[in-house]
Amino acid sequence: RRCFDACVPVMFTLAAHEVAISSAPSPYFALLPRNSYITLRAARLRDHFATAVTAAPGGAELWFDYDGVPLKWHYPVGVLYDLYAPGDALPWTVTVHFHGFPAAKLLRCPD
């Protein structure tokens, strides 16, 4: 039960090279269940970063990375955290991208 009730605190930041305003937007903080999927926050992240992105975020393909490693959207949050950031300080910092989808490394996520 403790495993299924556990959560990972995540800080989502917009990729620095995609910021189209004078200063970086504030990060988006979320407490994600370990058995949840990172893409379930996509709509809220689009809304949060919409005014700071160079192109219309509605038409862009959203993807995530941690430390330069693209995160597979079809893996649960807990698995991603355990694979890429075990023991790192919390919150887990994940970078949000609206451009440059790495098609060779990730499956496309249907909306």
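Summary of the structure given here. (Residues numbered from 1 in each chain as written. Predicted model: local features only at pLDDT ≥ 70, side-chain atom pairs only at ≥ 80, totals over all residues. Heavy atoms only, no water.)

**Thoughts on the nonpolar core**
Residues Phe-12, Phe-49, Phe-64 and Trp-92 are the most contacted members of the largest nonpolar core, which totals 26 residues. Elements with a contribution of two residues or more to this core: β1 (7–14), β2 (28–33), α2 (42–49), β3 (63–66), α3 (77–84) and β5 (92–97). Among the elements that line this core, the one with the most residues is β1, at 4 residues. Here Trp-92 is in contact with Val-8, Pro-9, Val-10, Met-11, Tyr-66, Leu-71, Val-77, Leu-80, Tyr-81 and Ala-85, once residues within four sequence places are set aside. (Core = buried A, V, L, I, M, F, W, Y, C linked by side-chain atoms within 4.5 Å. Buried < 20%, exposed > 50% of the residue type's maximum accessible area, 1.4 Å probe, protein only. Helix = DSSP H or I, 4+ residues; strand = E, 2+ residues; numbered from the N terminus. Contact = heavy atoms within 4.5 Å.)

**Here we look at the environment of Ser-26**
Locating Ser-26 in the fold gives a position in the loop between β1 and β2. Sequence-distant contacts of Ser-26, defined by excluding residues within four places in its chain, comprise His-48 and Phe-49.

**Digging into α3**
Burial in α3 covers these residues: Val-77, Gly-78, Leu-80 and Tyr-81. All buried residues of α3 project into a common sector of 165° when viewed along the axis, lining one side. Where α3 is buried, its residues contact β1, β2 and β5. (Arc of directions from axis to C-beta.)

**With respect to the side chain of His-97**
Tracing the backbone through its elements, the reader meets His-97 in strand β5. For His-97, the side chain forms a polar contact with the side chain of Glu-18, separated by 3.2 Å. When residues no more than four places from it in sequence are discounted, the contact partners of His-97 are Ala-15, His-17, Glu-18, Glu-61, Leu-62, Trp-63, Phe-64 and Asp-65. (Polar contact = N/O pair within 3.5 Å; in protein donor to acceptor, adjacent residues only side chain to side chain.)

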